[in-house]
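What follows is each chain in one-letter form.
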Amino acid sequence: MTSSFNQNTGLTANTFRFPDHAIVGQAGTSFKHEHLPAIMADGKSKGFFEVHAENYMGAGGPPHRALETIRQDNPVSLHGVCMSIGGPQPLDREHLGRFKSLVERYEPALVSEHLAWSTHENTFFNDLLPLPYTNETLSRVCAHIDEVQEEIGRPILLENPSTYVMFRESTMSETDFIRAIARMTGCGLLLDVNNVFVSATNHGFSALDYLSNFPLAKVGEIHLAGHAEQADDEGELLLIDSHDGPVANAVWKLYEIVIQKCGPVPTLIEWDSNIPDWPVLKAEATAAQRILDQYVGFSSLDKNHAA
């Protein structure tokens, strides 16, 4: 973490620290309840599981019993999808309180959220919506991240979005916007390589150029996922970040380039619909683990140079 001063809270970024059980060098998968028997039959193994925070905001019941079972022998990563960090209105304090309770209950190795918005007044959208990259939105996003980190007492990772529209109002690139957020708040970054590929294809820019401008030294977790191909209104190729299939070959190639620069950053396979049997999902994580294992000796000094 950097030591830049957080102007809103009066804390320095190095006040925050990742837990001692950080999952460097490990590949993991989204945790799906239907996989629990197969996971338990496999026995304890290297890796971690990621869960969406909003699926566990009730006080108890089967979801918590399943997660408690997994948490006994495996680290978990807590991934929020509804905080609406990029939204124009104040954060929902009740939602943030429930989020904090999950952090305290399960002590996740990593905590993350999206650079997106999903609420308007009293309406909650089932989408992660984009925002313009301006100084005004930068200030608002940073204030929201400060609020979350202050509440939970630790840093979060902020995920780059997959986008389908761009804003004429934007005054800076997405990578510059994200770099400024990390500098101003001390948060880490979650690099979703599939999102990079999806956005690059949809908007016609180079994924490699994007990655060369991304603050890779701040990346604390990587996401990989499948995407779907559609056509837009003009018949042009449109990719959708669907999480409903295996990771594409082009995304695997980008991922290996990133790992060559960053070292063995914890990597998560997302698969959220058309969910396969456990061996299929496990095989995707195993493929990521093979790449990670090639860079186990990568030093933090080298990572700093990769920025």
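Coordinates for the structure precede this section.
Residues numbered from 1 in each chain as written. Predicted model: local features only at pLDDT ≥ 70, side-chain atom pairs only at ≥ 80, totals over all residues. Heavy atoms only, no water.

Peer 1: Go over the sheet that holds strand β4 (residues 110-114) with me, naming the residues and quoting the values.
Peer 2: One closed barrel holds the eight strands; their spatial order is β1-β2-β3-β4-β7-β8-β9-β12, and the pairing between them is parallel. Across the sheet, the mean angle separating the axes of adjacent strands is 30 degrees when strand polarity is ignored. Across three bridges, the pairing between strand β3 (residues 76-79) and β4 is parallel. Bridge pairing links Leu78 to Val111 in β4. (Pairing = 2+ DSSP bridges. Helix = DSSP H or I, 4+ residues; strand = E, 2+ residues; numbered from the N terminus. Axes fitted to C-alpha atoms, helices over the stretch in contact; angles between N-to-C directions.)

Peer 1: Tell me about the packing of helix α3 (residues 93-106) against helix α4 (residues 135-152), and please be specific about residues and values.
Peer 2: Contact geometry for α3 and α4: axes closest at 9 Å, N-to-C directions at 45 degrees. Relative to α4, the element α3 lies oblique. The two elements α3 and α4 meet at a crossing, and its hand is right-handed. Judged by residue contacts, Arg93, Leu96, Phe99, Lys100 and Val103 of α3 engage Glu147, Val148, Glu151 and Ile152 from α4. Here the residues of the contact of α3 with α4 sort into five nonpolar, no polar and four charged. (Parallel < 35°, antiparallel > 145°, perpendicular 65-115°, else oblique. Left-handed = near helix turned anticlockwise from the far one by under 90°. Contact = heavy atoms within 4.5 Å. Nonpolar A, V, L, I, M, F, W, Y, C, P; charged D, E, K, R; others polar.)

Peer 1: If you had to explain the packing of aromatic side chains to someone new, which residues and values would you point to?
Peer 2: Overall, the coordinates contain six aromatic pairs when judged by the stated rule. Arranged with centres 5.9 Å apart and planes meeting at 75 degrees, the rings of Phe31 and Phe49 form a pair that is edge-to-face. Here Phe49 lies in strand β2 (residues 48-52) and Phe31 lies in the loop between β1 (27-30) and α1 (36-42), a separation of 18 residues in the sequence. Aromatic side chains Phe205 and Tyr210 sit 6.0 Å apart centroid to centroid with 20 degrees between the ring planes, which places their arrangement in the stacked category. Exposure remark for Phe205: the relative accessible area of 32% places this residue in the partly exposed category. Put simply, the rings of Phe31, Phe49 and Trp278 pair up and form one aromatic cluster. (Phe/Tyr/Trp six-rings, centres within 6.5 Å; stacked < 30°, edge-to-face > 60°. Buried < 20%, exposed > 50% of the residue type's maximum accessible area, 1.4 Å probe, protein only.)

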